[in-house]
Structures are given as structure tokens and as C-alpha cells.
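Breakdown of the fold
Here is what each chain is made of, one letter per residue.
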Amino acid sequence: NAGVTQTPKFQVLKTGQSMTLQCAQDMNHEYMSWYRQDPGMGLRLIHYSVGAGITDQGEVPNGYNVSRSTTEDFPLRLLSAAPSQTSVYFCASSYTGTPNTEAFFGQGTRLTVV
Amino acid sequence: GQQVMQIPQYQHVQEGEDFTTYCNSSTTLSNIQWYKQRPGGHPVFLIQLVKSGEVKKQKRLTFQFGEAKKNSSLHITATQTTDVGTYFCAGANAGNMLTFGGGTRLMVKP
């Protein structure tokens, strides 16, 4: 009964490095999304997917790429890390192909870019 | 784009006092959802409101959706220390984006 699993939990990157944050869900959910959480700014949507093979940009997509080759996985790629990308990243999934049902969140990845 | 504003940003209450957080959207929403995030944790779904003027209760929590479907509130009666955390509203519109408010951090003094 894993739900939404994010790896890693913590990561420190140097400016300019690239990396992939992993997100997997075992609930057969259609809708998946990535948010970043910064102090006092709530959760901001980076990218989302309404189903396998379909992705779209959210509010703050610059500097990030996503892909959705399977229903289960939705990795987030940082192309060239910048200090402004220091944040806590949450992956979430919902049952339908829209965000109009309960979102299940992963435990988060705390990323620091130095 | 759609904006969701939430006030207050912080609230300190004495245990037993009531608490209310308010959420306002710049656009009409198809539904609004509320989440709670404990310190160091991840957001956890509380409830979804869909109908204009809808009111739902969960024990000491009362959720309201405005008649114009652009605002919402969460009221907690007689707060307890277990209510500590940040409460977020999140609005969905006709598109496929769920937009979160900035959250209200509730602190309860025992």
C-alpha cells in the first residue's frame, strides 16, 4: 500500500548540475503533478500530466522537464540546477484525468542547490 | 492566470479558541479542496466542495463554499493542539490545474 513514492528524500546539488527526481504511484491514477513549496508561497504547480504520454506546463515550468511514459511514473528533471531551485518538491496523483478529485501527495524531496 | 489568495498567513490561538482561514480566487472555481500539512509533512486531503453555497462539516471543522464559487472558508471550533499545521485551499477551474493558496499556519498554545 505504497501510494505515491518520491526519491530521493534529500539532495544537495551544485549549481549547473542536472538530476532527476523520481515519482511513482501504484494506485493506477491518471493525473499526476509536481509542485514546489517555498516558505510563505504555498505550493506552486510546475508540470502536470492527465495521462500517459501527455504532459503540460503549470505555473512555474522554467528549468524543469517532465515525461510520462507509463501511468505509474512521472519523473521531474532539473536541466541545470540553480540556487533559485532550492525548495521542497512534492509529487501528487489523482484518480481521474483531472485535478477534480482528492490529490495524494508523496513525502517530498528537499533539494538544496549550492 | 488563476490566483488563489489565503488569509491570514499565520494565526496563534489559545487552545479552545476558534480559528478561521479564508480563501479567495480571482476566477470562478469548479471546486475547491482543502488540505492540511503538519510540520515536516506532506499535504493531506481534508475535503472537496463543489456546489455553490455548500457547507460541509467534519467534527469540529466547518467548510464553506461561496455562492459565487470564488471564495471559501475553513472554521475550526475549540482548537486543540492536534490542529497545529498549515491549512491550504486549492482551487480547480475548467482547465486541468489545481492552484493552491499560500496557506495559513495555525499555532495552538496549550
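Anyway, here's the lowdown on the structure attached to this text. (Residues numbered from 1 in each chain as written. Chains lettered and ligands numbered in written order. Predicted model: local features only at pLDDT ≥ 70, side-chain atom pairs only at ≥ 80, totals over all residues. Heavy atoms only, no water.)

Quick look at the packing of aromatic side chains
Note the following rule: Side-chain rings of Phe, Tyr and Trp (the six-membered ring for Trp) are treated as a pair once their centres are within 6.5 Å; stacked means planes under 30 degrees apart, edge-to-face means over 60, and tilted covers the remaining angles. Runs of H or I in DSSP of at least four residues are treated as helices and runs of E of at least two as strands, each being numbered from the N terminus. Burial here depends on accessible area, computed with a 1.4 Å probe over protein chains only, as a share of the maximum for the residue type. Under 20% is buried, over 50% is exposed, and the range in between is partly exposed. Two thresholds decide whether a charge sits over a ring: the Lys NZ or Arg CZ must be within 6 Å of the ring centre and within 35 degrees of the ring normal.
Under the criterion given, the structure shown has 12 aromatic pairs over all chains. Pairing B:Trp34 with B:Phe63 gives two aromatic rings, centres 6.4 Å apart and planes at 55 degrees, and the pair type is tilted. On the criterion of sequence distance, the pair formed by B:Trp34 in strand β4 (residues 31–37) and B:Phe63 in strand β7 (residues 61–65) is long-range, its members being 29 residues apart. Each member of the pair B:Trp34 and B:Phe63 is classed as buried. An aromatic cluster is defined as three or more aromatic residues linked by ring pairs; in this entry it consists of A:Tyr35, A:Phe90, A:Phe105, B:Tyr35, B:Phe45, B:Phe88 and B:Phe100. Its guanidinium or amino end placed over the ring of A:Phe74, A:Arg68 lies 6.0 Å from that ring's centre, counting from NZ or CZ.

Some thoughts on the pairing of strand β1 (residues 4–7) of chain A
All names here are of chain A. Spelled out, the test is: In this scheme, strands are said to pair when DSSP sees at least two bridges between them.
Of the two faces of β1, only the one carrying Val4 and Gln6 is buried; Thr5 and Thr7 on the other face are not. With 4 bridges connecting them, β1 and strand β3 (residues 19–25) associate as antiparallel partners. Across the sheet, threonine 7 pairs through a bridge with glutamine 22, a residue of β3.

Thoughts on unusual backbone geometry
The linkage connecting A:Thr7 with the following residue, A:Pro8, adopts the cis geometry, with an omega of -5 degrees. Here A:Pro8 is to be found in the loop between β1 and β2 (10–13). Following B:Ile7, the chain continues into B:Pro8 via a peptide bond in cis, with omega recorded as -5 degrees. With a phi angle near 60 degrees, A:Asn28 is a residue other than glycine that sits in the positive phi range. When you line up the elements, A:Asn28 lands in the loop between β3 and β4 (31–37).

What to know about the nonpolar core
Operational definition: Buried Ala, Val, Leu, Ile, Met, Phe, Trp, Tyr and Cys residues that are joined via side-chain atoms within 4.5 Å together make up what is termed a nonpolar core. For this analysis, residues touch if any pair of their heavy atoms sits within 4.5 Å.
Judged by nonpolar contacts, the single largest core of 19 residues is most densely connected at B:Ile32, B:Trp34 and B:Phe63. The set of elements that each furnish at least two residues to this core consists of β3 (19–25), β4, β5 (44–49), β7, β8 (71–76), β9 (85–92) and β11 (104–109) of chain B. Not counting residues up to four positions away in its chain, the partners in contact with B:Phe63 are B:Trp34, B:Leu46, B:Ile47, B:Leu49, B:Glu54, B:Val55, B:Lys56, B:Gln58, B:Ser73 and B:Leu74. Membership of the second largest hydrophobic core comes to 18 residues, among which are A:Val4, A:Leu13, A:Ile46 and A:Leu78.

As for the interface of chain B and chain A
Bring the parts together and some accessible area is lost; that lost area is often taken as the interface size. Defined as follows: Buried area is calculated as the accessible area (1.4 Å probe) missing from two parts once they are joined, with the contributions of both summed. The salt bridge definition used is simple: a Lys or Arg side-chain nitrogen within 4 Å of an Asp or Glu carboxyl oxygen. Polar contacts here mean pairs of N or O atoms no more than 3.5 Å apart (in protein, one a potential hydrogen donor and the other a potential acceptor; neighbouring residues in sequence count only if both atoms are side-chain atoms). Three classes are used, and their members are as follows: Ala, Val, Leu, Ile, Met, Phe, Trp, Tyr, Cys and Pro are nonpolar, Asp, Glu, Lys and Arg are charged, and the others, Gly among them, are polar.
With 21 residues of chain B in contact, the opposing surface of chain A contributes 24 residues. For the pairing of chain B and chain A, the buried interface totals around 1,700 Å² over both sides, and the portion due to carbon and sulfur atoms is 55%. Applying the counting rule to chain B against chain A returns 0 salt bridges. Joining chain B to chain A, the criterion identifies 6 residue pairs in polar contact (both at pLDDT 80 or more). Contributing elements (two or more residues each) for the side of chain B that touches chain A: β4, β5, β9 and β10 (98–100) of chain B. Tallied by class, the residues present in the side of chain B that touches chain A amount to 8 nonpolar, 13 polar and no charged.

Let's talk about the pattern of salt bridges
A pair can form between side chains of opposite charge whenever their charged atoms are brought close. Under the defined criterion, the tally for this structure stands at 4 salt bridges over all chains. A:Arg44 is paired through a salt bridge with A:Asp38; the nearest N and O atoms lie 2.7 Å apart. The two residues A:Arg44 and A:Asp38 agree in class, both being buried. Of the charged contacts, one joins B:Arg60 and B:Asp83 as a salt bridge, the two residues approaching to 2.9 Å between their closest N and O atoms. Of the two residues, B:Arg60 is situated in the loop between β6 (55–58) and β7 and B:Asp83 in the loop between β8 and β9; the sequence distance between them amounts to 23 residues. B:Asp83 gets classed as buried once you look at its relative accessible area, which sits at 5%. Here the salt bridges do not stand alone but share partners, grouping A:Arg36, A:Asp38 and A:Arg44 into one network.

Let's talk about the sheet that holds β8(B)
Residues and elements named next belong to chain B. The following threshold applies: All axes here are fitted lines through C-alpha atoms, helices being fitted over the stretch that makes contact, and every angle between N-to-C directions spans 0 to 180 degrees.
Spatial ordering of the open sheet is given by β1-β3-β8-β7-β6, a layout of 5 strands whose pairing is antiparallel. Two strands close off the open sheet at either side, each with one partner strand: β1 (4–7) and β6. With strand direction ignored, the average angle separating the axes of adjacent strands in the sheet is 15 degrees. By the bridge criterion, 5 bridges tie β7 to β8 in an arrangement that is antiparallel. In the strand pairing of β8, phenylalanine 63 is matched with leucine 74.

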